[in-house]
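Coordinates in review
Spelled out, the chains give:
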Amino acid sequence: MKQRELDRRTFAGTLGGAAVLAMTSKAAIPTMGTWLDCNVTLGQWPFRTTPLQSAAQLSKKLHEQGVTQAWAGSFEAIFQNDVQAVNLQLARVCREAPHKNLFPVATINPSLPDWQSDLVHAHEQLSMSIIRLYPNYHSYKLDDACFEDFLNLAVKRQLAIQVVVQIEDDRTQSPRMQVPPVDLKPLAKQLHHVPTAKVMILNASRPQLDAIIPSESILFDIAKIEGICALEQILETVNHERMVFGSHAPFFYWEAARLKLQESELLDRQLDAIVQGNATRWLNA
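Residues numbered from 1 in each chain as written. Predicted model: local features only at pLDDT ≥ 70, side-chain atom pairs only at ≥ 80, totals over all residues. Heavy atoms only, no water.

1. A word on the pairing of strand β1 (residues 35-42)
- The buried fraction of β1 is high, at eight of eight residues.
- Two elements, β1 and strand β2 (residues 67-74), share six bridges in a ladder whose sense is parallel. Bridging from a neighbouring strand, L36 pairs with Q69 of β2.
- In the classification by handedness, the crossover that spans β1, the intervening helix α3 (residues 55-64) and the parallel β2 is right-handed. (Buried < 20%, exposed > 50% of the residue type's maximum accessible area, 1.4 Å probe, protein only. Helix = DSSP H or I, 4+ residues; strand = E, 2+ residues; numbered from the N terminus. Pairing = 2+ DSSP bridges. Right-handed = clockwise from strand over helix to strand, strands pointing away.)

2. A short note on the nonpolar core
- Ranked by size, the top nonpolar core spans 66 residues in total, and within it F150, I201 and L261 carry the most contacts.
- Considering every element that reaches this core, the biggest residue donor is helix α7 (residues 145-156), with six residues.
- Formed by 22 residues, the second largest nonpolar core is a distinct cluster that contains L36, V105, L202 and W282. (Core = buried A, V, L, I, M, F, W, Y, C linked by side-chain atoms within 4.5 Å.)

3. Some remarks on the sheet that holds strand β7 (residues 198-202)
- A sheet is described by the order of its strands in space; here six strands give the open sequence β4-β5-β6-β7-β8-β9, paired in parallel fashion. For this open sheet the edge positions go to β4 (106-107) and β9 (243-244), each flanked by a neighbour on one side alone.
- By the bridge criterion, five bridges tie strand β6 (residues 160-164) to β7 in an arrangement that is parallel. Within β7, the position partnered with I161 by the bridge is V199.

4. Re the sheet that holds β1
- Within the open sheet, the three strands sit side by side as β1-β2-β3. Their pairing is parallel. Looking at which strands have only one partner, the edges of the open sheet turn out to be β1 and β3 (102-104). Ignoring strand direction, the axes of neighbouring strands in this sheet form an average angle of 30°.
- Across three bridges, β2 lies against β3 in parallel orientation. Bridge assignment links W71 to a residue of β3, and that residue is F103.
- Its contacts with the sheet place α3 against β1, β2 and β3, and it is angled at close to 160° to β1. (Axes fitted to C-alpha atoms, helices over the stretch in contact; angles between N-to-C directions. Contact = heavy atoms within 4.5 Å.)

5. Topic: the environment of V194
- Assignment of secondary structure puts V194 in the loop between α8 (187-193) and β7.
- Relative accessible area serves as the criterion here: at 4%, V194 is assigned to the buried category.
- Along the backbone, V194 and D149 are 45 residues apart, and their C-alpha atoms lie at a distance of 9.9 Å.
- Discounting chain neighbours no more than four positions away, the residues touching V194 are E148, L151, N152 and V155.

6. Overview of unusual backbone geometry
- Cis peptide bonds are those with omega within 30 degrees of zero, and the linkage from A249 to P250 qualifies with 0°.
- On the secondary structure map, P250 appears in the loop between β9 and α11 (254-262).
- You will see that K100, though not glycine, has its phi angle at about 55°, which is positive.
- Residue position: K100 is located in the loop between α5 (83-95) and β3.
- On the basis of relative accessible area, K100 is assigned to the exposed category, the value being 58%.

7. Considering the confidence of the model for the protein
- Chain-level pLDDT for the protein is 89 on average; 88% of the residues reach the 70-or-more range.
- This model gives residues 1-27 a pLDDT under 50, and the stretch forms 28 contacts once residues within four places in sequence are excluded. (pLDDT = per-residue confidence, 0-100.)

8. What to know about the side chain of S215
- When you line up the elements, S215 lands in the loop between α9 (206-209) and β8 (219-221).
- Among the residues examined, S215 registers a relative accessible area of 14% and is labelled buried.
- Not counting residues within four places of it along the chain, the set of residues in contact with S215 comprises A188 and R242.

Have a look at this one:
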């Protein structure tokens, strides 16, 4: 009896198929030295030990994977009120990283008094052109006045904005530190008021992305998009120019993000855009 031939999707869905797919996929993954990772973070996550905590370790790992630039935030900035000091430290350790592939991203907390001074310091003194926000950890919502004020000042200074939806799944969070994901639904209305804002969403799952898909100017990374052929499914309704490569390393294994591209049947031009082109265009716009 002739053995039934499995197509790639059927095989990937079988027990063990995803693991073997990593070795057998023929996707045209970009070559070494062409990756831009929009989503890495330095420092110690307080609720579990993560690998590659130092800038030197993470820089070396990314270099080995061919990442020429990684946009790096700081875990410490999530929990400290003195974000100016954290941003200063982050800029220093990225500058001293051995492979010069860490690009420091400032954290701003618009719910704090005089947050404007923190933003001006990061921009003028530290030459940081990307701001990363953690609304859920910093206790404000995207329809709060402080967020709209932040958008206006960021646009005035031509800064790019990353909104982090979540750090970890709420099922694995400490019972004493339950932090729900950011509600993205108010974002479209805010951007209607501030249409020139450059916004990128990090760590959003597929259902969470539904809130921002109609807003064609918003980019999003792939770190939390899971499932067989998940990227292909999203790109059936969304332009590939909105998707960027983000690994959420070292909280997630960097290779997990790469595998999402490897198991997806994407065109070469789509892969090149996701791995580097879209983020570069967005930042330089």
